[in-house]
Amino acid sequence: MIKTSDLCFSYPSGVAVFDRFSWSVSAGEAWTVIGPSGCGKSTLLLLIAGLLRPDDGSLLINGMQLERPRPRTGLVLQEYGLLPWSTVWENAALGLLIRGYYGHDGKHTPADEDLTQAKSRVDHWLERLNIDHVKDRFPHQISGGQRQRTAIARTLALHPDLILMDEPFGALDALTRENMQLLMLGLYAEHHLTHVIVTHNIEEAVILGKNIMILCNPPIGSVEIMVNNDSSWGTRGYRNTSEYLDRCRYLRNEMGVNGALA
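Keep in mind that this is a model prediction, so the values were computed, not measured.

Trainee: So what's going on with the sheet that holds strand β7 (residues 162-166)? Residues and values would help.
Mentor: Pairing is mixed in the open sheet, where 6 strands are placed in the order β6-β7-β8-β3-β9-β10. At either end of the open sheet lies a strand with only one pairing partner, and these are β6 (73-77) and β10 (225-228). Ignoring which end each strand starts from, the neighbouring axes of this sheet average 15° apart. As paired elements, strand β3 (residues 30-34) and strand β8 (residues 194-198) share 4 bridges and run parallel to each other. In the sheet register, valine 33 faces β8, and the bridge partner there is valine 198. Along the sheet, helix α5 (residues 144-156) contacts β6 and β7; its crossing angle with β6, the most-contacted strand, is approximately 170°.

Trainee: Outline the sheet that holds strand β5 (residues 64-65), supporting the account with residue identities and numerical values.
Mentor: Paired through their backbone hydrogen bonds, the strands of a sheet run either parallel or antiparallel. Spatially, the 4 strands line up as an open sheet ordered β2-β1-β4-β5, and their pairing is antiparallel. The open sheet has two edge strands, β2 (16-25) and β5, and neither has a second partner. As paired elements, strand β4 (residues 56-61) and β5 share 2 bridges and run antiparallel to each other. Paired with isoleucine 61 across the strands is methionine 64, a residue of β5.

Trainee: Go over the layout of surface pockets with me, naming the residues and quoting the values.
Mentor: Within this model, the second largest pocket holds a volume of roughly 310 Å³. Surrounding the second largest pocket, 14 residues form its lining, Leu182, Leu185, Thr235, Arg236 and Gly237 being those nearest its centre. Partitioning the lining of the second largest pocket into residue classes produces 7 nonpolar, 4 polar and 3 charged.

Trainee: I'd like a rundown of the pairing of β8, residues and numbers included.
Mentor: For β8, the tally of buried residues reaches 5 of 5 residues, placing the bulk of the element in the interior. Going residue by residue along β8, you find Thr194, Val196 and Val198 tucked away on one face and His195 and Ile197 tucked away on the opposite face as well. The pairing of β7 with β8 spans 5 bridges and is parallel. Paired with leucine 164 across the bridge in β8 is valine 196. Where the polypeptide runs from β7 across helix α6 (residues 174-191) and back to β8, its parallel neighbour, the crossover connection is right-handed.

Trainee: Give a detailed account of empty space enclosed by the protein, specifying residues and quantitative values.
Mentor: A complete count under the given rule lists 1 cavity of 30 Å³ or more for this structure. Within this model, the largest cavity holds a volume of roughly 60 Å³. Lining the largest cavity are Ile163, Met184, Leu187, Tyr188, Leu193 and His195. The element contributing the most residues to the lining of the largest cavity is α6, with 3 residues.

Trainee: Hey, could you go over α5 for me, with residue numbers and the actual values?
Mentor: Under the 1.5 Å per step criterion, the end-to-end length of α5 is 18 Å for 13 residues, consistent within 8% with the ideal 18 Å. Most of α5 is tucked away, with 12 of its 13 residues classed as buried. Restricting attention to buried positions, one finds in α5 the residues Gly144, Gly145, Gln146, Gln148, Arg149, Thr150, Ala151, Ile152, Ala153, Arg154, Thr155 and Leu156.

Basis of the calculations
- Residues numbered from 1 in each chain as written.
- Predicted model: local features only at pLDDT ≥ 70, side-chain atom pairs only at ≥ 80, totals over all residues.
- Heavy atoms only, no water.
- Pairing = 2+ DSSP bridges.
- Helix = DSSP H or I, 4+ residues; strand = E, 2+ residues; numbered from the N terminus.
- Axes fitted to C-alpha atoms, helices over the stretch in contact; angles between N-to-C directions.
- Contact = heavy atoms within 4.5 Å.
- 1 Å grid on protein atoms, 1.4 Å probe; cavity = no way out; pocket = protein on both sides within 12 Å on 5 of 7 lines; lining within 4 Å.
- Points joined across faces, edges and corners; volume = space filled by probe spheres on them.
- Nonpolar A, V, L, I, M, F, W, Y, C, P; charged D, E, K, R; others polar.
- Buried < 20%, exposed > 50% of the residue type's maximum accessible area, 1.4 Å probe, protein only.
- Right-handed = clockwise from strand over helix to strand, strands pointing away.
- Expected span 1.5 Å × (residues − 1).

Here it is, written out as structure tokens:
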């Protein structure tokens with residue numbers, strides 16, 4: 001699904017983030033990426049999303065060299081990216097509008113499916129994410145969790161095969177954050193969408209990642225630490241198991257060794 005080979009990337013300031021970085025993700029895998037601020041977590045997501053271009057090396061998605069943002073990659077940001085002047089429904093349908101499913105006047109424009117089907121996908125995900133009752137409200141009228149669900153609905157309405165999430169729940173309170181984590185696990189169990197989630201929270205990395213990658217200080221030339229989280233991951237009550245606590249403890253120790261918690 002995702003394959004980077006000898007990937008190099010530096011910002012215009014000259015700061016090198018990746019130097020011959022190689023990593024692969026198979027279709028249907030659930031990954032979390034964790035590490036200290038400034039280690040390149042968000043940069044990696046933007047490269048995979050096609051919003052940044054590598055200086056050298058290759059980045060393949062489904063065997064194709066990534067030259068630009070691809071239609072079936074969904075990106076969810078911590079800031080939600082909602083339009084304040086649009087309703088929940090309109091925000092959830094924004095991706096379809098941008099992709100040319102319908103115009104501002106509501107008339108059908110050429111696309112690969114009927115307008116009614118496209119709109120029904122928005123309705124489906126608003127209902128599935130339990131925000132259909134606020135579909136006519138504006139972002140400032142709903143909670144943080146509902147705003148994040150709207151952003152997720154907008155992504156899922158596009159039928160993605162890859163979801164990238166950058167600190168998606170960092171601004172939420174603890175209870176809402178846990179509910180959103182459970183929501184993502186439920187969606188993964190149902191659809192097995194490949195996802196890569198960046199987080200700075202060790203517990204969240206263990207809950208959401210069947211595979212966990214720790215990035216340390218750049219420039220990053222190789223993946224220093226990989227953690228397989230395959231034992232009881234994704235099962236109900238995993239958060240209360242000894243395996244979960246062991247994984248959290250292991251990550252803390254490994255990140256401490258590499259100075260990530262300094």
